[in-house]
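# Chains, contacts and geometry: an overview
This is what each chain is made of:
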Amino acid sequence: MRIVSYNVNGIKARLPRLIEYLTEEQPDVVCLQELKSSDDTFPEADIRAAGYGAIWHGQKGFNGVAVLARGTDPVERQRGLTGEPEDEHSRYLEAEVDGVVVASIYLPNGNPQPGPKFDYKLRWIDRLRARAAELLAEERAVVLAGDYNVIPNDDDVFSVRAMQADALMQPESRAGYRALLAQGWTDSLRTRFPKGGVWTFWDYQAGAWQRDAGFRIDHLLLSPIAADRFVDAGVDKSHRGREKASDHAPTWVRLR
């Protein structure tokens with residue numbers, strides 16, 4: 001089973017690239033982030049025509065997450081995280097596909113920091129960690145896939161100096177991510193590339209793609225049972241270089 005995390009940066013603007021990716025790569029499950037689409041404008045018909053069932057949690061103009069499954073409909077388990085009832089951001093969607101539990105995650109960016117956006121980011125990580133603990137207690141194959149907006153290590157970024165003031169690299173952000181891993185989750189891409197140097201995001205500005213000035217913020221975390229089924233992980237980097245592509249590349253893990 002090949003499970004993909006893909007921040008599409010606007011599903012309507014990137015629909016040709018998404019359909020192209022589904023058609024060429026034929027992944028089994030795709031967790032999408034940053035749909036920037038309301039529920040009623042989600043392009044379900046186009047996705048079904050490509051052979052995928054879908055569930056989605058949209059929001060007009062920004063945020064939004066979805067789970068796609070090849071040849072079947074994902075079974076929704078939960079949308080949104082508990083712990084902050086006033087939070088109306090569409091950032092979490094959990095489903096089951098062929099016996100595997102997957103979650104599509106779009107963690108807050110947190111900039112500018114310090115400030116309320118960064119505080120919200122840290123609270124959101126705490127809420128995710130609470131849900132992750134519940135999922136671990138189920139003792140099932142679980143994949144937490146998404147744009148975490150956290151650069152976990154110095155070797156996950158093209159330049160530490162360039163990003164040192166960014167919310168993505170603050171000690172508190174990293175500590176939240178590491179506390180999540182400490183529950184017993186496996187960072188699949190890090191397992192495959194333990195020395196780092198693998199990027200999943202390249203900004204549109206300052207020729208970042210052309211200079212390969214990227215960093216790793218898209219992660220697929222595996223529960224112990226999922227980790228036992230780990231085969232491979234990688235980044236479909238070539239799709240970032242296509243015309244009118246997202247600034248993220250599809251990032252994936254393959255399980256037995």
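Anyway, here's the lowdown on the structure attached to this text. Residue numbering note: each chain is counted from 1, following its sequence as written. Side-chain atom pairs in this predicted model are given and counted only at pLDDT of 80 or more, local residue features only at pLDDT of at least 70, and totals for whole chains, interfaces and linings cover all residues. Side-chain measures were taken over the full set of non-hydrogen atoms in the model, leaving aside hydrogen atoms and water.

Pairing is mixed in the open sheet, where 6 strands are placed in the order 3-4-2-1-14-13. The open sheet is flanked by strand 3 (52-57) and strand 13 (230-235), the only strands paired with a single partner. In this sheet, adjacent strand axes meet at a mean angle of 15° when their direction is disregarded. Inspection of the sheet shows strand 2 (residues 29-33) paired to strand 4 (residues 65-70) by 5 bridges, in the antiparallel sense. Strands are labelled as partners when DSSP assigns at least two bridges between them. Working definition: helices are DSSP H or I runs of at least four residues, strands are E runs of at least two. Numbering for both runs from the N terminus. In this analysis, axes come from line fits to C-alpha atoms, helices being fitted only over the stretch in contact, and the angle between any two N-to-C directions falls in the range 0 to 180 degrees.

Accessibility here uses a 1.4 Å probe with only protein chains present; expressed as a share of the type maximum, an area under 20% marks a residue as buried, one over 50% as exposed, and anything in between as partly exposed. Where burial is concerned, most of strand 8 (residues 142-147) is hidden: 6 out of the 6 residues are buried. Sheet analysis places strand 7 (residues 100-106) next to strand 8, joined by 6 bridges and oriented parallel. Bridging from a neighbouring strand, Ser104 pairs with Ala145 of strand 8. Looking down the strands as they point away from the viewer, one classifies a crossover as right-handed if the path from the first strand across the helix to the second runs clockwise. Taking the sense of rotation as the criterion, the β-α-β connection linking strand 7, helix 3 (residues 116-137) and strand 8 turns out right-handed. Across 5 bridges, strand 8 lies against strand 12 (residues 218-222) in antiparallel orientation. Within strand 12, the residue paired with Asp147 across the bridge is Asp218.

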